[in-house]
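# Structure assessment
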Amino acid sequence: MAQAGVKHDYHLVDPSPWPLLGSLSATVMALGGVAWMKGLFFVAKHNPVFFFIGLAGVLYTMLGWWMDVTREANRGDHTPVVSIGLRYGMIMFIASEVMFFVAWFWIFFEMALFHHHRTLSAIDDVRTAWATWPPKGVETVEPWHLPLVNTLTLLLSGTTVTWAHHALQVGDRKGAKWGLILTIILGALFTTIQAYEYHEILTEKFFFNTEAAASGLYGSSFFMATGFHGFHVLIGTIFLTICLLRLLGGGFTPQKHFGFEAAAWYWHFVDVVWLFLFAFIYVIFGK
């Protein structure tokens, strides 16, 4: 503990309720999700009340905690040493997200590259299901239609967020504002297109029109990988929207804008993950 009156480069945060409140809210939301889907203890199945109570607590924690961090930055508590710590924290968070997607790529590659090993099984259904990849009878998504449009949309959004970042660095707040607005619009467009693509998939039953046992594995790996990416795009869009509101409210300077910088890093991460998804899941192993 630093002594009173001793100057140092580290910011000792004030006692905060947010870690405890966030943990409790996340626990309630998780258990509420289980109760919503399966029922739990005294909570009947299909009752979403506790899930939304937990979600409200998580959102309240996020808002309060981020407001506290913003106030700390505005009063000068984010020294160069503290700023480095914030950057390391964001880098580690993105690294953990990378490993999250590695898991989905891993199972997809396991099935796409080594499915023939499953044909050694003594069970006839397993040998039949794993004879080819994608499984025989599974109609996959055409990569050069909506997936290509979404790829171009995200690539364009990567250029607009970079424009906004550069404009903010040189003091061009108007350019930063328009760059952010365009990025948010493109992010919303991506989400809309993916929702329409999912609607087509589920309507046509692309992955479920076969009796092959592996068809469920293909559909699960596809939806988990692309669906979680879509969720990350939605989070990134909200992240950038908050940055836009702060910018319009007079926040951020060319020297102090880590909140926006972190959002830009996150958005580029989302872009790169999509390029891998498009290349491997849609194009290379999608046929």
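Residues numbered from 1 in each chain as written. Predicted model: local features only at pLDDT ≥ 70, side-chain atom pairs only at ≥ 80, totals over all residues. Heavy atoms only, no water.

## Describing the nonpolar core
Proteins that are soluble and globular tend to have nonpolar side chains buried together. For clarity, the threshold we go by: The term nonpolar core refers to a set of buried residues drawn from Ala, Val, Leu, Ile, Met, Phe, Trp, Tyr and Cys, joined through side-chain atoms within 4.5 Å. Only protein chains enter the accessibility calculation, which uses a 1.4 Å probe; a residue whose area is less than 20% of its type maximum is buried, one above 50% is exposed, and one in between is partly exposed. We count a stretch as a helix when DSSP gives it H or I for four or more residues in a row; a strand needs E for two or more, and each element gets its number in order from the N terminus. Here, two residues are considered to be in contact whenever any of their heavy atoms come within 4.5 Å of each other.
Within the largest apolar cluster, 47 residues are counted, with the highest numbers of intra-cluster contacts made by Leu180, Phe222, Leu240 and Phe260. Counting residues per element, the ones that place at least two in this core are helix 3 (80-114), helix 5 (146-169), helix 6 (173-204), helix 7 (215-248) and helix 8 (258-284). The biggest single contributor to this core is helix 8, with 15 residues. Dropping the residues within four chain positions of it, leucine 240 is found in contact with Val161, Leu180, Thr183, Ile184, Phe260, Ala263 and Trp267.

## So, helix 8
Which entries qualify depends on this criterion: Here, expected helix span is obtained from the residue count minus one, scaled by 1.5 Å. By definition, a residue's bend is the angle between the axes fitted to the seven residues ending there and the seven starting there.
Between the first and last C-alpha of helix 8 there are 38 Å, a value that for 27 residues agrees with the 39 Å anticipated at 1.5 Å per step. Along its length, helix 8 reaches its greatest deviation from straightness, about 25°, at leucine 277.

## Looking at a nonpolar patch on the surface
Stated formally: Each patch groups residues whose relative accessible area exceeds 30% and which form no salt bridge, using 9 Å between like charges and 5 Å between nonpolar side chains of Val, Leu, Ile, Met, Phe, Trp and Tyr. Here the Shrake-Rupley method, with its probe set to 1.4 Å, supplies the accessible areas, and only the displayed protein chains count as covering residues. Between Lys or Arg on one side and Asp or Glu on the other, a salt bridge is scored when a side-chain nitrogen of the former is within 4 Å of a carboxyl oxygen of the latter.
A surface patch of nonpolar side chains, amounting to about 640 Å² of accessible area, comprises Phe231, Leu234, Ile235, Ile238, Ile242, Leu245 and Leu248. Its place among the elements puts phenylalanine 231 in helix 7.

## What about the packing of aromatic side chains?
For the record, the criterion: Between rings of Phe, Tyr and Trp, where Trp is taken as its six-membered ring, a pair exists when centres lie within 6.5 Å; planes separated by under 30 degrees are stacked, by over 60 edge-to-face, and by other angles tilted.
Inspection of the entire model under this criterion finds 29 aromatic pairs. Both rings, one in tyrosine 198 and one in phenylalanine 223, keep their centres 5.0 Å apart while their planes meet at 90°; by these two values the pair is edge-to-face. With a gap of 25 residues between them, tyrosine 198 in helix 6 and phenylalanine 223 in helix 7 connect regions that are remote in the sequence. What makes tyrosine 198 buried here is its relative accessible area of 19%. Counting every residue linked through ring pairs, the aromatic cluster contains Phe93, Phe100, Phe101, Trp104, Phe228, Phe239, Tyr266 and Phe269.

## Brief notes about the pattern of salt bridges
Should their charged atoms come close, side chains of opposite charge can pair. By the definition in use, this model includes 4 salt bridges. Residue aspartate 68 is joined to arginine 71 by a salt bridge in which the shortest nitrogen-to-oxygen separation is 2.3 Å. Taken together, the residues span about one helical turn, with aspartate 68 and arginine 71 both in helix 2 (residues 49-74) at a distance of 3 residues. In this structure aspartate 68 comes out as partly exposed when scored by relative accessible area, which is 23%. In this structure arginine 71 comes out as partly exposed when scored by relative accessible area, which is 43%.

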